[in-house]
Amino acid sequence: MSGPPPARRGPLLLGVRHHGPGSARAVRAALDAARPAAVLIEGPPEGDALLPLAADPGMRPPVALLAHAADDPGRAAFWPLAAFSPEWVAIRWAQEQAVPVPVRFIDLPAAHTLAADSGTGPDEAGSVRLDPLAALAETAGYDDPERWWEDVVEHRGDGAADPLGAFAALGEAMGALREAYGDEGRARDRVREAYMRQRMRAARREFGDGYAVVCGAWHVPALGARTTAAADKALLTGLPKVKVETAWVPWTHRRLARAGGYGAGITSPGWYAHLFAARDRPVERWLTKIAGLLREEDQQVSPAHVIEAVRLAATLAAIRGRPLAGLTETLEAVRAVMCDGSDVPLALIEDRLVIGDVLGEVPDGAPAVPLQRDLTRRQRSLRLKAEARERELELDLRKDTDAAKSLLLHRLRLLGIGWGTPAASRGSTGTFRETWRLRWDPELSVRVAEAGIWGTTVEAAATAKAEADAARARELGEVTALAERCLLAGLSRALPAVLRALADRAALDTDVARLAKALPALARSLRYGDVRGTDASALAAVAGGLAERICVALVPACAAGLDAEAAAELRGHVEAVHGAIALLDEEGLGERWSAVLRALAGRDRVPGLIRGRAARLLLDEGGLPAQETARLMGLALSPAAPPPDAAGWIEGFAQDGTLLVHDERLLALVDTWLAGVPESAFTDVLPLLRRTFGAYEPGVKRSLGELVRRGPARGAARGGAPEGFAPLPDPSRADAVLPVLALLLAGPPA
Amino acid sequence: MTMPENDRGADALRPHAEDAFAEELKALAAADDRPRPARWNLSPWAVATYLLGGTLADGTVITPKYVGPRRIVEVAVTTLATDRALLLLGVPGTAKTWVSEHLAAAVSGDSTLLVQGTAGTPEEAIRYGWNYARLLAHGPGREALVPSPVMRAMAEGRVARVEELTRIPADVQDTLITVLSEKTLPIPELGQEVQAVRGFNLIATANDRDRGVNELSSALRRRFNTVVLPLPATADAEVDIVARRVDQMGRALDLPAAPEGLEEIRRVVTVFRELRDGITADGRTKVKSPSGTLSTAEAISVVTGGLALAAHFGDGVLRPSDVAAGILGAVVRDPAADRVVWQEYLEAVVRERDGWKDFYRACREVTA
């Protein structure tokens, strides 16, 4: 309106590659040159109402336009926009004019797309049609279509000479391509294009021919084609429809980079942002940036390195016949010049610069994200009010509402929304009770908005977050904890990913102590899993694999010359694993574990503490005959054994005195051995025994003493009854306990 | 005075690259119309084609010399066209020397300007030595000087090669710093210097698993662009390489050919790749990696050893038991840690695999 009337006929069709920085620059140049009266953009028309927010100073890309079914936030689609997206540039251009130019979205409404499929993700427009582009690239002699596009379109500078010519040429090429390939199999495209044409007709009535359309290059020929309004209308009748709500949500470069799902499949958003933002000398600036990052990581990178890298990248581009060094050339130059040919620093560069950590922002006044709405709905249905005052909440997990509350709180915690924190239960210690401390801080709303990128419902978001956390976790312990939390939060859909990560970490972990630490938690989870009705078979497989690895690695780890402290720690692990393996129901595992214990008990290089413990565990489960135990004891405590080791053995073997009191067989073993120690050696053994037996409680010591004094009678004692007991139990007296037991096990009447 | 003339006959046990592929080089030079750096026989593009193979406009087929990622060859050739030297790194058996020889042959038409790095390589091998008879008879002068391959390359603007750079003692390595940064080699005894003319560059190879020997000083490292030659990318490529090399070696050792052994070769390669990559071929299970390199070269020697065993003590057919001991020896280098890795691998991966029962049993037997 403010510019001169356009001389050409028909609207200005700007075919772009979504998220292409070169396209974005070219679009801006073309808009500046043509000054259209309106800008139409490929995107859901439901977003029109939200467009003014794009001009808000609080709005910072990357952001995404989100559309979801009003009654089912899980059915949603995102249209991500980065600063370098041509669509974003066009929106901003229109808003920045002295007299703002109207902007409209013209794609098929989300109301139809969401109704047609239950949210298969963003419109396919999120990616350029790779296949036909590949054909075009091949014609030009390129093996990589993305690179061809970059050379021909993205790297072509500002196109200052003829800002519109390139778009015309591209439109023609696409036309030829669509003629050659047809649009077979793209029925949805036909509908979408028909809708876009309808919207263009409406725009023509309003603004005349002087409007511009920014859309995926693939659509250009179809939008320029002459069709009748009636034919288009026919295509559009009878489409299913749902009620749709829209919102802006903050987005990240990392999610732009994610292929599939809601990602835009842009592998190098950081590089694109750089290309778009750099005023001049993009390659030099890029390599300087990389050098800066490497220096921060304490790599020695001098300006000379940068110079060499720039030269190498330029020469490489020349050899490959490219107009400008691209991402591949610069990274290859960096690898050869700055990283000594290693891929490790390069991975860092990929992560921090090529993808980057940019997080978008959405102004406070923007409509709420669906996650917030889902949360509010759940709070209402569970009668769980968000209050700033801190209060305590007691939950009885056997009740349905309480269990649902627990799930919600656990899920929110997984999402980093710390509304409730678990507190120690007062009074009752039962596993069916949970105590929470609730407090709603205003900033939690921000957390909810941030968590909005993970999904549209609390459950979906927590699942996605747990999966991402599992992929990112470094240590085995983190993943085990995560698996437990997933079970608590009832996220059975996240479990496969978490368990995969768990299996991977376990496979790579060389520290058997860490493996051993992880196993009991897993075995525990397995039981919880049963209680809470989650599918535990996958968990069992992972736990079984973990146990297998422990069986292989435990003996060498114990025989590796441990000091006393490490031995004590490992002893604890041996015990914990022993308990856990008993819970695992895997074929042959028990025997293998017994074999491991036998090896531990019989190997000289294993510290006495562990050897003794292993012997005892074996004895307890009947895996070691009494004679053999006696032999081992004699060996361990013989004069040639170093005293600390021998002391450790007896400590490990007889650490709990109470059992010694009650298990006469055990006592007899110790007794027999002690009685057999020659007099001359007895004084040497005495300190060792004192160390162990001296630590017993006085009561235990006294009982032991009495038992030993009665020693010779133990054969008779075994057949007879202990003092104060009848020879046989009295059933009627025993039955009297049952009502109390029933009460204990079943809990109070609900 | 100069290097002894080579008897470049067809009888040579192993002819130089520039002789073996003289026809291809000639055809490439004829077809090459792109700009060539000073004193290069070919343009960088043609050098890359020479290494990677292709078909020229006149129909001449250029055989691929290096089977691997294109970008590696391109970076290497490009480096030679700048004034930075090229360092080829890689585990044994990744064709470092082979690539270096062919690069030199294609660029300068001469791959013989070679310094072999050993623990005993003296400074003279990189700078110059003296012909003492002449020195005594005529006194110091250029005639009494015996130039090193590096010195000749500098004077003639060719590509010099240094093999196994990290085996050379550190002080001798540092002789290269002046050569690479100042592009000159001073001869203080004569008060002269030899300045490198355009076209000079240097290709060094080094084994990156063998760091212990003589670490490259950072001063020297800065003068090199580093290219790491990777192990074969796919199992099929590696099986192919192993089978071909084993076949050649088997003929040299007069071992009977064992076509049925391909199954066993594939198994050895699979085991090596899985342990090396730390993940099973189906991408489902991660495994720990042992401390050894498990390079293709080692796979070749395991299979050759197995073949010898089968030929002399077995029925001539390569069986799991023939390769099991060899694999164990290659995998378990560190008796404690690697043994755990190997046992875990056996129990977690091999035991479950269909059709690997014999192999599992054979391995258990030698491992126990």
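Residues numbered from 1 in each chain as written. Chains lettered and ligands numbered in written order. Predicted model: local features only at pLDDT ≥ 70, side-chain atom pairs only at ≥ 80, totals over all residues.

**Concerning the overall build of chain A**
Within chain A, the regular secondary structure consists of 35 helices and ten strands. With 750 residues in all, chain A has 43% of them scored as buried. Expressed as a percentage of contacts within chain A between residues at least 6 apart in sequence, the contacts between residues at least 24 apart total 76%. (Helix = DSSP H or I, 4+ residues; strand = E, 2+ residues; numbered from the N terminus. Buried ≥ 20, exposed ≤ 12 C-beta atoms within 10 Å, placed from the backbone. Contact = placed C-beta atoms within 7 Å.)

**Concerning the overall build of chain B**
Helices and strands together make up the secondary structure of chain B, namely 16 helices and eleven strands. Among the 368 residues that make up chain B, the fraction classed as buried is 46%.

**Focus: the interface of chain A and chain B**
Across the contact, 24 residues belong to chain A and 28 residues belong to chain B. Of all the elements in the fold, those that place two or more residues in the side of chain A that touches chain B are helix H13 (303-319), helix H14 (327-337), helix H21 (495-508) and helix H23 (537-558) of chain A. Partitioning the side of chain A that touches chain B into residue classes produces eleven nonpolar, five polar and eight charged. (Nonpolar A, V, L, I, M, F, W, Y, C, P; charged D, E, K, R; others polar.)

**Looking at the environment of Leu 395 of chain A**
Residue and element names in this part refer to chain A. Assignment of secondary structure puts Leu 395 in strand E8 (residues 391-396). Considering only alpha carbons, one finds Leu 395 and Trp 436, 41 residues apart in sequence, at a separation of 7.9 Å. Apart from the residues within four sequence positions on either side, Leu 395 is in contact with Asp 402, Lys 405, Ser 406, Arg 433, Glu 434 and Trp 436.

**With respect to unusual backbone geometry**
Residue and element names in this part refer to chain A. A cis amide bond links Pro 61 with the next residue in sequence, Pro 62, at an omega value of 5°. The phi dihedral of Arg 35 is positive, around 45°, even though this residue is not glycine. If you trace the backbone, Arg 35 turns up in the loop between helix H1 (21-34) and strand E2 (38-41). The phi dihedral of Asp 340 falls on the positive side, at around 50°, and the residue is not glycine. Within the element layout of this structure, Asp 340 appears in the loop between H14 and helix H15 (344-355). Judged by the 22 C-beta atoms lying within 10 Å of it, Asp 340 falls in the buried class.

**Details of the packing of helix H24 (residues 564-583) of chain A against helix H26 (residues 608-620) of chain A**
All names here are of chain A. Between H24 and H26, the shortest axis-to-axis distance is 9 Å and the interhelical angle comes to 20°. Classed by the angle they form, the pair H24 and H26 counts as roughly parallel. Seen along the crossing, H24 lies across H26 with a hand that is right-handed. Only Leu 609, Ile 610, Arg 613, Ala 614 and Leu 617 of H26 make contact with H24, whose side of the interface consists of Ala 567, Ala 568, Leu 570, Arg 571, Val 574, Glu 575 and His 578. Looking at the contact of H24 with H26 residue by residue, the class counts come to eight nonpolar, one polar and three charged. (Axes fitted to C-alpha atoms, helices over the stretch in contact; angles between N-to-C directions. Parallel < 35°, antiparallel > 145°, perpendicular 65-115°, else oblique. Left-handed = near helix turned anticlockwise from the far one by under 90°.)

**Remarks on the nonpolar core**
Residues and elements named next belong to chain A. One finds Val 498, Leu 519 and Ile 550 to be the most contacted residues of the largest nonpolar core, which totals 309 residues. The dominant element in this core, judged by the number of residues it contributes, is H23, at 13 residues. Beyond its immediate chain neighbours, meaning those up to four positions away, Val 498 contacts Ala 466, Ala 470, Val 479, Leu 482, Ala 483 and Cys 486. (Core = buried A, V, L, I, M, F, W, Y, C linked by C-beta atoms within 7 Å.)

**Here we look at the pairing of strand E11 (residues 224-228) of chain B**
Residues and elements named next belong to chain B. Most of E11 sits out of view: five of its five residues are buried. Where strand E3 (residues 85-90) and E11 come together, five bridges link them in parallel fashion. When the bridges of E11 are listed, Leu 89 appears paired with Val 228. (Pairing = 2+ DSSP bridges.)

**What about the sheet that holds E2 of chain A?**
Residue and element names in this part refer to chain A. Strand order in this open sheet of four strands is E1-E6-E2-E5, and the pairing throughout is parallel. In the strand order of this sheet, the two ends are held by strand E1 (12-16) and strand E5 (103-105), each with one partner. The mean inter-strand angle of the sheet, taken between neighbouring strand axes irrespective of direction, is 20°. Judged from the three bridges that link them, E2 and E5 form a sheet pairing that is parallel. In the strand pairing of E5, Val 39 is matched with Val 103. Sheet strands in contact with helix H2 (residues 86-96) are E1, E2, E5 and strand E6 (211-216), and its direction is about 155° off that of E2.

**Description of the pairing of E1 of chain A**
Residue and element names in this part refer to chain A. Among the five residues in E1, five count as buried, and that is most of the element. In this structure, E1 lies alongside E6, joined through five bridges in parallel fashion. Bridge assignment links Leu 14 to a residue of E6, and that residue is Val 214.

**What to know about the confidence of the model for chain A**
Residues and elements named next belong to chain A. Here chain A shows a mean pLDDT of 79. Residues at 70 or above account for 86%. Every residue in residues 1-8 scores below 50 in pLDDT, and together they form ten contacts with partners more than four places removed in sequence or on other chains. pLDDT under 50 marks residues 713-720. Its contacts with residues more than four places away, or in other chains, come to five contacts. (pLDDT = per-residue confidence, 0-100.)

**Digging into the packing of H23 of chain A against helix H25 (residues 589-602) of chain A**
Residue and element names in this part refer to chain A. Contact geometry of H23 with H25 gives a least axis separation of 10 Å together with a crossing angle of 10°. Considering the angle they form, H23 stands roughly parallel to H25. Contacts between H23 and H25 involve Gly 544, Ala 547, Cys 551, Leu 554, Val 555 and Cys 558 from the first element and Leu 589, Arg 592, Trp 593, Val 596, Ala 599 and Leu 600 from the second. Each residue belonging to the contact of H23 with H25 can be placed in one class, and the counts come to ten nonpolar, one polar and one charged.

**So, the sheet that holds strand E9 (residues 420-423) of chain A**
Residues and elements named next belong to chain A. The antiparallel open sheet is built from three strands, whose spatial order is E8-E10-E9. The strands lining the two open edges of the sheet, one partner per strand, are E8 and E9. Between one strand axis and the next, the sheet turns through 35° on average, direction left out of account. Note that E9 and strand E10 (residues 433-438) share four bridges and pair antiparallel. Its bridge partner lying in E10, Ala 423 is registered against Thr 435.

**As for helix H31 (residues 679-693) of chain A**
Residues separated by three or four positions in an α-helix point in the same direction, a consequence of the helix having 3.6 residues per turn. In this model, H31 of chain A (15 residues) spans 20 Å end to end at C-alpha, consistent with the 21 Å of a helix rising 1.5 Å per residue. Along H31 of chain A, the helix axis deviates most sharply at Val 685 of chain A, where the bend reaches about 40°; the proline Pro 687 of chain A sits within four residues downstream. (Expected span 1.5 Å × (residues − 1). Bend = angle between axes of the 7 residues up to and from the residue.)

**A closer look at the environment of Glu 548 of chain A**
Tracing the backbone shows Glu 548 of chain A in helix H23. The sequence separation of Glu 548 of chain A and Arg 592 of chain A amounts to 44 residues, and the corresponding C-alpha distance is 8.4 Å.

**Concerning the confidence of the model for chain B**
Per-residue pLDDT for chain B has a mean of 85; in total, 93% of the residues score no lower than 70. Here the predicted complex carries an ipTM of 0.75, next to a pTM of 0.66.

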